[in-house]
Amino acid sequence: MSGHDRRNRPQGLSTRAIHLGYDPADHEGALTPPIFMTSTFAFETAEAGAEMFRGERAGYIYGRTKNPTQTILEERMASLEGGEAAMATASGMGAISSVMLSLLNPGDEALIDHTVYGNTFAYFTQALTRFGIVVKLADFTRPETVAEQIGEKTKVVFFETPANPNLRVIDIAGIAHIAAKVGALVVVDNTFATPVLQRPLELGADVVIHSGTKYLGGHGDLLSGIVVGTADIVKQARQTGLRWMTGATLSPFNCFLLLRGLKTLEIRLERHSASGLAVARMLEKHPKIATISYPGLATFPQHDLAKRQMSAFGGLIAFELDGGIDMSMALMNRLKLVTRAVSLGDTETLIQHPASMTHAIYGAEERARHGISDGLLRLSVGLENVDDILDDLEQALDAL
Ligand code: 4LM
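All figures in this text were calculated on a predicted structure; none of them were measured in a lab.

A. Layout of the sheet that holds strand β9 (residues 316-321). Spatial ordering of the open sheet is given by β8-β9-β12-β11-β10, a layout of five strands whose pairing is mixed. Both outer strands of the open sheet, β8 (289-293) and β10 (339-340), are each paired with one neighbouring strand and no more. Across four bridges, β8 lies against β9 in antiparallel orientation. In the strand pairing of β9, I292 is matched with F319.

B. How the structure looks around the sheet that holds strand β3 (residues 134-138). In spatial order, the strands read β1-β7-β6-β5-β4-β2-β3; together these seven strands make up an open sheet with mixed pairing. The sheet is open, and its two edges are formed by β1 (85-89) and β3, each paired on a single side. Here the strands of the sheet are splayed against their neighbours by 20° on average, with no regard to which way each runs. Here five bridges tie strand β2 (residues 109-113) to β3, and the two strands are oriented parallel to one another. Following the sheet pairing, A110 is matched in β3 by V135. Here helix α5 (residues 92-103) sits on the sheet in contact with β1, β4 (154-160), β5 (185-189), β6 (207-211) and β7 (225-229), set at roughly 150° to β6.

C. Representation of helix α8 (residues 172-180) in the model. Along α8, the residues that are buried comprise I172, I175, A176, I178 and A179. The arc enclosing the buried residues of α8, seen along the axis, measures out at 160°, which places them on a common side. Away from its buried face, by an angle of more than 90 degrees, α8 presents the exposed residues H177 and A180. Of the surrounding elements, those touching the buried residues of α8 are α7 (143-149), β4, β5 and α13 (303-309). For α8, the N-terminal cap is D171; the gap from its side-chain oxygen to the backbone nitrogen of A173 is 3.3 Å.

D. Region of interest: the domain arrangement of the chain. Taken domain by domain, the chain consists of domain 1 (10-263) and domain 2 (265-398). Here the C-alpha centroids of domain 1 and domain 2 sit 26 Å apart. Domain 1 puts 43 residues into the contact, and the matching count from domain 2 is 39 residues. The tally of links between domain 1 and domain 2 comes to zero salt bridges. Joining domain 1 to domain 2, the criterion identifies 26 residue pairs in polar contact (both at pLDDT 80 or more). At the level of secondary structure, the elements contributing two or more residues to the side of domain 1 that touches domain 2 comprise α2 (13-19), α6 (118-127), α9 (194-197) and α11 (252-263). With five residues, α6 is the largest single contributor of residues to the side of domain 1 that touches domain 2. Taken together, the residues of the side of domain 1 that touches domain 2 sort by class into 21 nonpolar, 18 polar and four charged.

Parameters and conventions
- Residues numbered from 1 in each chain as written.
- Predicted model: local features only at pLDDT ≥ 70, side-chain atom pairs only at ≥ 80, totals over all residues.
- Heavy atoms only, no water.
- Pairing = 2+ DSSP bridges.
- Helix = DSSP H or I, 4+ residues; strand = E, 2+ residues; numbered from the N terminus.
- Axes fitted to C-alpha atoms, helices over the stretch in contact; angles between N-to-C directions.
- Contact = heavy atoms within 4.5 Å.
- Buried < 20%, exposed > 50% of the residue type's maximum accessible area, 1.4 Å probe, protein only.
- Arc of directions from axis to C-beta.
- Polar contact = N/O pair within 3.5 Å; in protein donor to acceptor, adjacent residues only side chain to side chain.
- Domains from an automatic or database assignment.
- Salt bridge = Lys/Arg side-chain N within 4 Å of Asp/Glu carboxyl O.
- Nonpolar A, V, L, I, M, F, W, Y, C, P; charged D, E, K, R; others polar.

The structure is reproduced here in structure tokens:
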């Protein structure tokens, strides 16, 4: 690359995650952005306050909709995902509900993939339906079923990829193409991949959602959510969804924690992905393993799609043992380093049992129909030394 090209190319992802939107010179030289621990903001004059409320003057009014620590976080997340604007929320559920309540009206239809995080499933099928919104399900790994279910009333199409808990991978560009025919907005939950591994907006999605609780934060010490999209959609989600429907604002302190997490996002995802692949390869060969689902394995049914859509495959693995649910429970109980806990994307390696934990809300029949078997386990490979993770899993498997 010539010196000229080097000067003109955009900054890399980690550089933007560390520096974008903040200049220490504006804050007494403080290297780290200050936490603006305030709920409200003083108006210079009565007229200035009124102008801000009318949207005629820029500035901060009240912490439910905007705070300077949050603004830095939002600018960074918009840049990392390649969107015009972003909004931080108190949790992933806060992000999903703030977006859906601002986009959907009674009579509208939302079409969602049938495999999503349990409470997201409950939100669509049990909460939104109480308000006259029609929710349809389809198997998004088979785009023809999406084409069958979508129609003029479909306002929103929603899916996760890779999907929770079994890592099914969905063709973002393919679904966006189908949705464009009826003008439906495509909302992708990018929690499992993060912008380091996959950028849905570049593939035709309109909105990206995150549970920032997971990889973005990365240390298991906060809940948070992120919405990224066009300036118009994010404005609508903030001015209606966040401001007077959910009130699910991220606190200034948690904005700071999330900003700190973002600084190491790329380097952490590299390690999560390398260790994830090593653990998946070990499990794949182990005689007690009946099935394994990791998008980075050549045996994964959608491996080619995963390779096209993602730059690496992250730390999540789903697998079944050859002894059903009892053996799965026994394995969990024999682990010494790997921690029994829901959530994912943390420094600690975590294991959980979707049928009785994150996806218990589905009900047995629905789980069976949606490929979440009773014995399925979900492993979130952390940042410990990979040999220690492998040793712990092997000693637990061998003892079964
Ligand atoms: C879990 N997940 O799976 P908050 N989107 C995805 C998720 O996995 C989650 C949320 C949204 C788990 C929580 C216990 C793909 C959550 C919801 O938990 O509200 O930040 O995100 O273990």
